[in-house]
Amino acid sequence: LFMASFFSGAVSGCIATLITQPFDVLKTRRQASLLGIPTSKQDVNITKLMPLARSIAQNEGISGLYSGLPARITRVPISCAIMVSTYEVGKILL
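Here we summarise the structure given alongside this text. All values reported here derive from a predicted model rather than from experimental measurement. (Residues numbered from 1 in each chain as written. Predicted model: local features only at pLDDT ≥ 70, side-chain atom pairs only at ≥ 80, totals over all residues. Heavy atoms only, no water.)

1. Regarding a nonpolar patch on the surface
Judged by side-chain polarity, Phe 2, Met 3, Phe 6, Ile 78 and Ile 82 come together as a nonpolar surface patch covering roughly 490 Å² of accessible area. Elements with a contribution of two residues or more to the nonpolar patch: helix H1 (2–34) and helix H3 (69–93). At 3 residues, H1 tops the list of elements feeding residues into the nonpolar patch. If you trace the backbone, Phe 6 turns up in helix H1. Taking relative accessible area as the criterion, Phe 6 reaches 30% and is therefore assigned partly exposed. (Patch = residues over 30% accessible without salt bridge, like charges linked within 9 Å, V, L, I, M, F, W, Y side chains within 5 Å. Areas by Shrake-Rupley, 256 points an atom, 1.4 Å probe, with all protein chains shown as cover. Salt bridge = Lys/Arg side-chain N within 4 Å of Asp/Glu carboxyl O. Helix = DSSP H or I, 4+ residues; strand = E, 2+ residues; numbered from the N terminus. Buried < 20%, exposed > 50% of the residue type's maximum accessible area, 1.4 Å probe, protein only.)

Take a look at the structure:
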């Protein structure tokens, strides 16, 4: 049970990371823009999400929306695997 739930948590964490990564990039770039921290010359004054996404896609390609993915894909699935397996085992023990 532990291994199955651990694996399921890791797979769900990978899928969730791949789906939400572009939104995380947009959130981070928007926060940086609002604080006046330049992330790129083109995105300095863009604070709305759709124009920001369009700017990133045009200037950096679609892969720009997935920048930082290696760091996130190593962190999120591990934490999801631990969380799901702990919940499932704890549910049985309690």
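The rest of the description comes next.
2. Some points on the pattern of salt bridges
A complete count under the given rule lists 4 salt bridges for this structure. Between Asp 24 and Lys 27 there is a salt bridge, with the nearest N and O atoms lying 3.7 Å from each other. Of the two residues, Asp 24 and Lys 27 both sit in helix H1, 3 residues apart, roughly one turn of that helix. The residue Lys 91 makes a salt bridge to Glu 88 at a minimum N-O spacing of 3.3 Å. With a gap of 3 residues between them, Lys 91 and Glu 88 both fall in helix H3, about one helical turn apart. Relative accessible area serves as the criterion here: at 47%, Lys 91 is assigned to the partly exposed category. On the basis of relative accessible area, Glu 88 is assigned to the partly exposed category, the value being 22%. Among the charged side chains, a network of salt bridges with common partners joins Asp 24, Lys 27 and Arg 72.

3. What to know about helix H2 (residues 49–60)
Along its 12 residues, H2 runs 16 Å from first to last C-alpha, staying within 8% of the 16 Å computed at 1.5 Å per residue. Turning to H2, its buried residues are Leu 52, Ala 53, Ser 55 and Ile 56. Relative to the axis of H2, the buried residues are bounded by an arc of 160° and lie together on one face. Exposed and oriented more than 90 degrees from the buried face of H2 are Met 50 and Gln 58. Packed against the buried residues of H2 are H1. Just downstream of H2, Gly 61 is the residue with a positive phi angle, here 85°. (Expected span 1.5 Å × (residues − 1). Arc of directions from axis to C-beta. Contact = heavy atoms within 4.5 Å.)

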